[in-house]
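Spelled out, the chains give:
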Amino acid sequence: VVESLKQVHFTIKNGEQVWFDNTGAAVARYEVVNWQRGSDDSVQFKPVGYYDASLPLGQKFVLKTEDIVWPRGKTEANIFIDSNIYIDVSCLTICYFELR
């Protein structure tokens, strides 16, 4: 089955291409969206970046911080992924640290 999956490559209705890597897994591609409040107080989902594992290193993850609207009008935020990794959005770096 895996050998057959490696040969599958197709385009879905919205124009996005789908294919499988050498292990038979679908190539990871994600859109990063920001929940923003509209002028009519509705919630709108605005694309602010993406992750695409098929792209070269250095181009896989893009985040357009200038398009992000943070709660309570803040212009930056720190995001903790787990106890060892956080993203400092103000400088657009992924920071790794050890707890001692």
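Residues numbered from 1 in each chain as written. Predicted model: local features only at pLDDT ≥ 70, side-chain atom pairs only at ≥ 80, totals over all residues. Heavy atoms only, no water.

Under the annotation held in an unreviewed UniProt entry, the protein carries the name Extracellular calcium-sensing receptor and is attributed to Dissostichus eleginoides.

**Quick word on the overall build of the protein**
Here is the rule we go by: Put simply, DSSP H or I for four residues or longer makes a helix, DSSP E for two residues or longer makes a strand, and each gets a number counted from the N terminus. Each residue gets one of three labels from its accessible area relative to the maximum for its type: buried under 20%, exposed over 50%, partly exposed in between, using a 1.4 Å probe on protein chains only. For this analysis, residues touch if any pair of their heavy atoms sits within 4.5 Å.
When helices and strands are counted, the protein shows one helix and eight strands. Secondary structure elements of the protein occur, N-terminal to C-terminal, as α-β-β-β-β-β-β-β-β. The proportion of buried residues among the 100 residues of the protein is 16%. The long-range share in the protein, meaning contacts at least 24 apart out of those at least 6 apart in sequence, stands at 13%.

**Some points on the pattern of salt bridges**
Heads up, the condition is: In what follows, salt bridge is the name for a side-chain nitrogen of Lys or Arg lying within 4 Å of a carboxyl oxygen of Asp or Glu.
Tallied over the entire structure, the rule returns three salt bridges. Note that Arg29 is salt-bridged to Asp52, the shortest N-O span being 3.5 Å. Of this pair, Arg29 sits in strand β3 (residues 29–37) while Asp52 sits in strand β4 (residues 43–52), and the two are 23 residues apart along the sequence. What makes Arg29 partly exposed here is its relative accessible area of 31%.

**Structural notes on the confidence of the model for the protein**
Put simply, the test is: What pLDDT expresses is the predictor's confidence in each residue, scored from 0 to 100.
Across the protein, the average pLDDT comes to 75, with 71% of residues at 70 or higher. The least confident element of the protein is strand β8 (residues 93–96), whose mean pLDDT is 42; the most confident is strand β5 (residues 61–63), at 91. Below a pLDDT of 50 lies the segment residues 90–100, which in the model reaches 23 contacts outside its immediate sequence neighbourhood of four places, other chains included.

**A short note on the side chain of Asp52**
Quick reminder of the rule: N or O atoms closer than or at 3.5 Å make up a polar contact, with two conditions inside protein: a donor-capable atom paired with an acceptor-capable one, and, for residues adjacent in sequence, both atoms drawn from side chains.
A residue is classified by how much of its surface remains accessible, and Asp52, at 11% relative accessible area, is buried. Of the polar contacts made by the side chain of Asp52, one reaches the side chain of Arg29; its length is 3.5 Å. A distance of 2.5 Å separates a polar atom in the side chain of Asp52 from a polar atom in the side chain of Ser54.

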